[in-house]
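Each chain is listed here by its residues.
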Amino acid sequence: DARVTQTPRHKVTEMGQEVTMRCQPILGHNTVFWYRQTMMQGLELLAYFRNRAPLDDSGMPKDRFSAEMPDATLATLKIQPSEPRDSAVYFCASGLDLYGELFFGEGSRLTVL
Amino acid sequence: RKEVEQDPGPFNVPEGATVAFNCTYSNSASQSFFWYRQDCRKEPKLLMSVYSSGNEDGRFTAQLNRASQYISLLIRDSKLSDSATYLCVVSPYSSASKIIFGSGTRLSIRP
């Protein structure tokens, strides 16, 4: 059963530390999305890729966040330095195109103390 | 104004009731529309797509009104297992646009 895999599932870290979250999209999918979810903001789109090329990362704080796809099987979201306000669940999702169904990973729950 | 707006709820209805949610979107050129379901502490999953002519899947009916720029979800004969957050999703009209999720409507079905 194909699914999006995210690691780590949970991460507790201290303010100022670097955090890297990883995502393995479903094989054959050519779009990858990073979302952040908090109780206050709901699901916010941070960045997305099509055929590994970044299409839009305007939702991401550029000074501390970076998103990359080093290859078709791996997407990364990095926060450096992390801040308490970054505490949230980060979801990765993949799809076959920009207009269809998205398949989400189980999320990475980040707590920054 | 948010690009996609939903009533956050919560909607608290008895089992067997019919409940409906609306979602409005601001971009008239949007192309595709979906309803996702998210259970507590889980990831969102596709519930159903929304077609221009309206579509039904069992107890669930989705409607699209392009003129008024809203989509709706109707749940008939609600079950306890329908308790979840329902997210409205609007997909772009071009690769330069974003897939936008609404903030979700919480539904709680009581026995």
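Every value quoted in this text rests on a predicted model; they were computed, and no experiment measured them.

K.L.:
Explanation requested: unusual backbone geometry in the structure shown.
P.N.:
Of all residues except glycine, most have a negative phi; of all peptide bonds, most are trans. Of note, the amide linkage connecting T7 of chain A to P8 of chain A takes the cis form, showing an omega dihedral of -10°. Note that P8 of chain A resides in the loop between β1 (5–7) and β2 (10–13). Between G9 of chain B and P10 of chain B the backbone carries a cis peptide bond, its omega angle lying at 5°. Tracing the chain through its elements places P10 of chain B in the loop between β1 (4–6) and β2 (11–14). Phi at R52 of chain A takes a positive value of approximately 75°, unusual for a residue other than glycine.

K.L.:
I keep staring at the nonpolar core and nothing clicks. Help me out?
P.N.:
Where a protein is soluble and globular, its nonpolar side chains tend to be buried together. By size, the foremost hydrophobic cluster in this structure holds 24 residues, and its most contacted members are F21, W35, I71, L73, I75, Y86 and L107 of chain B. Those elements that place two or more of their residues in this core are β3 (19–25), β4 (32–38), β5 (45–50), β7 (60–65), β8 (70–75), β9 (84–91) and β11 (105–110) of chain B. Each residue touching L73 of chain B, except ones within four places of it in the same chain, is listed here: V19, A20, F21, W35, L47, M48, F60, T61 and Y86 of chain B. Membership of the second largest hydrophobic core comes to 22 residues, among which are V32, C92, L110 and V112 of chain A.

K.L.:
Quick question: what am I supposed to make of the sheet that holds β3 of chain B here?
P.N.:
Strand pairing in a sheet relies on backbone hydrogen bonds. The paired strands run either parallel or antiparallel. Residue and element names in this part refer to chain B. Read across the sheet, five strands follow the order β1-β3-β8-β7-β6 without closing on themselves; strand pairing throughout is antiparallel. The open sheet has two free edges, formed respectively by β1 and β6 (55–57), since each of these has just one partner strand. Averaged over neighbouring strand pairs, the angle between their axes works out to 20° when direction is ignored. Bridge count for β7 against β8 is six bridges, and the pairing is antiparallel. Within β8, the residue paired with N65 across the bridge is Y70.

K.L.:
Would you mind showing me how to read the environment of S94 of chain A here?
P.N.:
All names here are of chain A. Mapped onto the fold, S94 is located in strand β9 (residues 88–95). On a C-alpha basis, the gap between S94 and G28 in space is 9.6 Å, while along the polypeptide they are 66 residues apart. Apart from residues no more than four positions distant in its own chain, S94 is found in contact with V4, P25, I26, H29, T31, V32, E101, L102 and F103. A polar atom in the side chain of S94 sits 2.7 Å from the side chain of H29.

K.L.:
What is the right way to look at the state of the cysteines in this model?
P.N.:
Covalent bonding between the sulfur atoms of two cysteines is what defines a disulfide. Applying the stated criterion across every chain yields a total of two disulfides over all chains. Across the disulfide from C23 of chain A sits C92 of chain A; the S-S distance is 1.9 Å. Judged by the sign of its S-S torsion, about -60°, the bond between C23 of chain A and C92 of chain A is left-handed. Pair noted here: C23 of chain A is in strand β3 (residues 19–24) and C92 of chain A is in strand β9, with a separation of 69 residues, a long-range link. One exposure class covers both C23 of chain A and C92 of chain A, and it is buried. Sulfur-sulfur distance for the disulfide between C23 of chain B and C88 of chain B comes to 1.9 Å. Residues C23 of chain B and C88 of chain B are joined by a disulfide whose S-S torsion is about -65°; by sign, that bridge is left-handed. With C23 of chain B in strand β3 and C88 of chain B in strand β9, the pair connects residues that are 65 residues apart, well separated along the chain. Of the two residues, C23 of chain B and C88 of chain B, both sit in the buried class.

So, how was this worked out
- Residues numbered from 1 in each chain as written.
- Chains lettered and ligands numbered in written order.
- Predicted model: local features only at pLDDT ≥ 70, side-chain atom pairs only at ≥ 80, totals over all residues.
- Heavy atoms only, no water.
- Helix = DSSP H or I, 4+ residues; strand = E, 2+ residues; numbered from the N terminus.
- Core = buried A, V, L, I, M, F, W, Y, C linked by side-chain atoms within 4.5 Å.
- Buried < 20%, exposed > 50% of the residue type's maximum accessible area, 1.4 Å probe, protein only.
- Contact = heavy atoms within 4.5 Å.
- Pairing = 2+ DSSP bridges.
- Axes fitted to C-alpha atoms, helices over the stretch in contact; angles between N-to-C directions.
- Polar contact = N/O pair within 3.5 Å; in protein donor to acceptor, adjacent residues only side chain to side chain.
- Disulfide = S-S within 2.5 Å.

Note that every value here comes from positions in space, so none of it alone points to a role or purpose.
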